[in-house]
Amino acid sequence: MISAGGIGTRTSTSSTSTTSNTPPTSEEITSALNTYERAFFPGQPKSLSGIALRAFLLGLSLAGSTALTTYLLYNTNPLWRAPFFLASLSLFHFLEFYSTALTNAPGARVSSFLLSSNGSAYNIAHGAAFTELLLSHLFLPASILPYPLHPLLLLTGLLLIIIGQSTRTLAMLHAGSNFSHIVSHTKKSSHELVTTGIYSILRHPSYFGFFWWGIGTQLVCGNVVCLMGYAVVLWRFFERRIGGEEELLVGFFGEEYVKFRERTRVGIPFIK
């Protein structure tokens with residue numbers, strides 16, 4: 001998925017269509033309905049049991065980690081950052097599915113939670129962030145930063161998380177069926193160029209939100225190594241993905257997209 005500008009390689013397919021005035025038989029209708037229903041069975045892309053289980057576990061994680069964060073904060077324990085990070089992750093992944101299901105129901109599937117579809121590197125990055133946070137708490141229990149700078153960075157991180165999450169969710173809701181977690185290499189008949197709302201300012205608001213949300217989480221966690229790692233990896237990923245995606249969008253919408261690109265920004269440093 002990360003090849004060819006971060007959007008995968010294009011596969012060429014050929015199809016032939018034939019027209020027929022013969023109505024489908026009852027067996028063909030039954031077969032089509034069975035195929036449709038099977039998509040919702042356990043282990044399938046739209047498994048209802050899989051969706052329910054993931055939503056339940058994310059809700060449980062969000063409630064538990066929020067309660068633990070509140071308890072640790074009340075007791076002035078700096079380790080509150082660990083459950084807070086988990087709460088941020090739980091909310092992020094729930095909203096990924098919920099936003100898709102709310103405005104683009106046909107595209108909602110188990111993978112819309114983005115729990116595993118981002119690849120192993122994504123999960124390793126979060127594991128590394130938790131590890132650095134815990135090691136810092138054990139070996140550097142006191143902040144090494146001067147007082148004015150430490151709360152300033154913490155507040156900045158909280159604001160970036162709120163802005164990033166809000167922007168990404170709003171972008172997904174506003175784009176509706178035009179938003180997809182997987183970049184399309186062919187233009188669907190229903191695909192429209194969204195240029196209103198938040199898209200009138202940012203042409204890739206979901207990427208903007210993801211980038212700054214990730215940076216914000218590491219500022220709140222107080223991670224130095226992972227902050228730099230997140231910044232570099234996320235920047236490289238979105239720089240490649242946006243470049244490849246915009247080539248496709250110019251092909252889809254031509255001059256309309258070129259003009260749209262000229263009057264909007266990405267909002268990620270050094271990506272134009």
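Being a predicted model, the structure only gives us computed values, none of them experimental. (Residues numbered from 1 in each chain as written. Predicted model: local features only at pLDDT ≥ 70, side-chain atom pairs only at ≥ 80, totals over all residues. Heavy atoms only, no water.)

Participant: What's the story with the nonpolar core in this structure? I'm lost.
Facilitator: Side chains that are nonpolar tend, in soluble globular proteins, to be buried together. If you look at the biggest cluster of nonpolar residues, it comprises 36 residues, and the most contacted ones within it are Phe 210, Phe 238 and Ile 268. When contributions to this core are tallied by element, the ones reaching two or more residues are α4 (81–103), α5 (120–139), α6 (149–175), α7 (205–221), α8 (225–253) and α9 (255–263). Excluding anything up to four places from it in sequence, Phe 210 contacts Phe 92, Tyr 122, Arg 168, Leu 234 and Phe 238. Core analysis: the second largest hydrophobic core is formed by seven residues, Ala 171, Met 172, Ala 175 and Tyr 199 among them. (Core = buried A, V, L, I, M, F, W, Y, C linked by side-chain atoms within 4.5 Å. Buried < 20%, exposed > 50% of the residue type's maximum accessible area, 1.4 Å probe, protein only. Helix = DSSP H or I, 4+ residues; strand = E, 2+ residues; numbered from the N terminus. Contact = heavy atoms within 4.5 Å.)

Participant: What is the right way to look at the packing of α4 against α6 in this model?
Facilitator: Relative placement of two packed helices is described by the angle separating their axes and the distance separating the axes. Their axes nearest at 9 Å, the elements α4 and α6 cross at an angle of 15 degrees. Considering their axes alone, α4 and α6 lie roughly parallel with respect to each other. You can see that α4 and α6 cross each other, and the crossing is right-handed. In contact with Arg 81, Phe 84, Ser 88, Leu 91, Phe 92, Leu 95, Glu 96, Ser 99, Thr 100, Leu 102 and Thr 103 of α4, α6 contributes His 150, Leu 154, Leu 158, Ile 161, Gln 165, Arg 168, Thr 169, Met 172 and Leu 173. Of the residues that constitute the contact of α4 with α6, the class distribution is ten nonpolar, seven polar and three charged. (Axes fitted to C-alpha atoms, helices over the stretch in contact; angles between N-to-C directions. Parallel < 35°, antiparallel > 145°, perpendicular 65-115°, else oblique. Left-handed = near helix turned anticlockwise from the far one by under 90°. Nonpolar A, V, L, I, M, F, W, Y, C, P; charged D, E, K, R; others polar.)

Participant: What is the right way to read the packing of aromatic side chains from this model?
Facilitator: The relative placement of two aromatic rings is captured by the distance of their centres and the angle of their planes. Summed over all chains, the structure comprises 15 aromatic pairs. Ring centres 6.1 Å apart and planes at 80 degrees place the aromatic pair Phe 210 and Trp 213 in the edge-to-face group. Highlighted residues: Phe 210 and Trp 213, both in helix α7, separated by three residues, approximately one helical turn. In this structure, Phe 210 and Trp 213 share a single accessibility class: buried. Consider the rings of Phe 237 and Phe 238, whose centres lie 5.2 Å apart with planes at 70 degrees: the pair is edge-to-face. The class of Phe 237 is partly exposed, set by a relative accessible area of 26%. With a relative accessible area of 2%, Phe 238 lands in the buried category. Site record: aromatic cluster; members linked through ring pairs are Phe 92, Tyr 122, Tyr 207, Phe 210, Trp 213, Phe 237 and Phe 238. (Phe/Tyr/Trp six-rings, centres within 6.5 Å; stacked < 30°, edge-to-face > 60°.)

Participant: Would you mind showing me how to read the pattern of salt bridges here?
Facilitator: Between side chains of opposite charge, pairing is possible as soon as their charged atoms come close. In the structure shown here, the tally under the stated rule is three salt bridges. Arg 168 is the salt-bridge partner of Glu 96, the closest N and O atoms lying 2.7 Å from each other. You can see Glu 96 sitting in helix α4 and its partner Arg 168 sitting in helix α6, a full 72 residues away along the chain. One exposure class covers both Glu 96 and Arg 168, and it is buried. Here Arg 261 makes a salt bridge to Glu 246, at a shortest N to O gap of 3.5 Å. Here Arg 261, found in helix α9, pairs with Glu 246, found in helix α8; they are 15 residues apart in sequence, far enough to count as distant. For Glu 246, a relative accessible area of 5% gives the class buried. (Salt bridge = Lys/Arg side-chain N within 4 Å of Asp/Glu carboxyl O.)

Participant: Even after reading the chapter, I still don't get the confidence of the model for the protein, so can you show me in this structure?
Facilitator: Segments scoring low in pLDDT should not have their predicted coordinates read at a detailed level. The pLDDT averaged across the protein works out to 90; a share of 91% of its residues lies at or above 70. Taken together, the stretch residues 1–18 has pLDDT below 50 and engages in 26 contacts with residues farther than four places along the chain or on a different chain. (pLDDT = per-residue confidence, 0-100.)

Participant: Just to check I follow, could you spell out the environment of Val 194 for this structure?
Facilitator: With respect to the helices and strands, the residue Val 194 is situated in the loop between α6 and α7. For Val 194 and Val 258, which are 64 residues apart along the polypeptide, the C-alpha to C-alpha distance reads 13 Å. When residues no more than four places from it in sequence are discounted, the contact partners of Val 194 are His 174, Ala 175, Asn 178, Tyr 199 and Phe 260.

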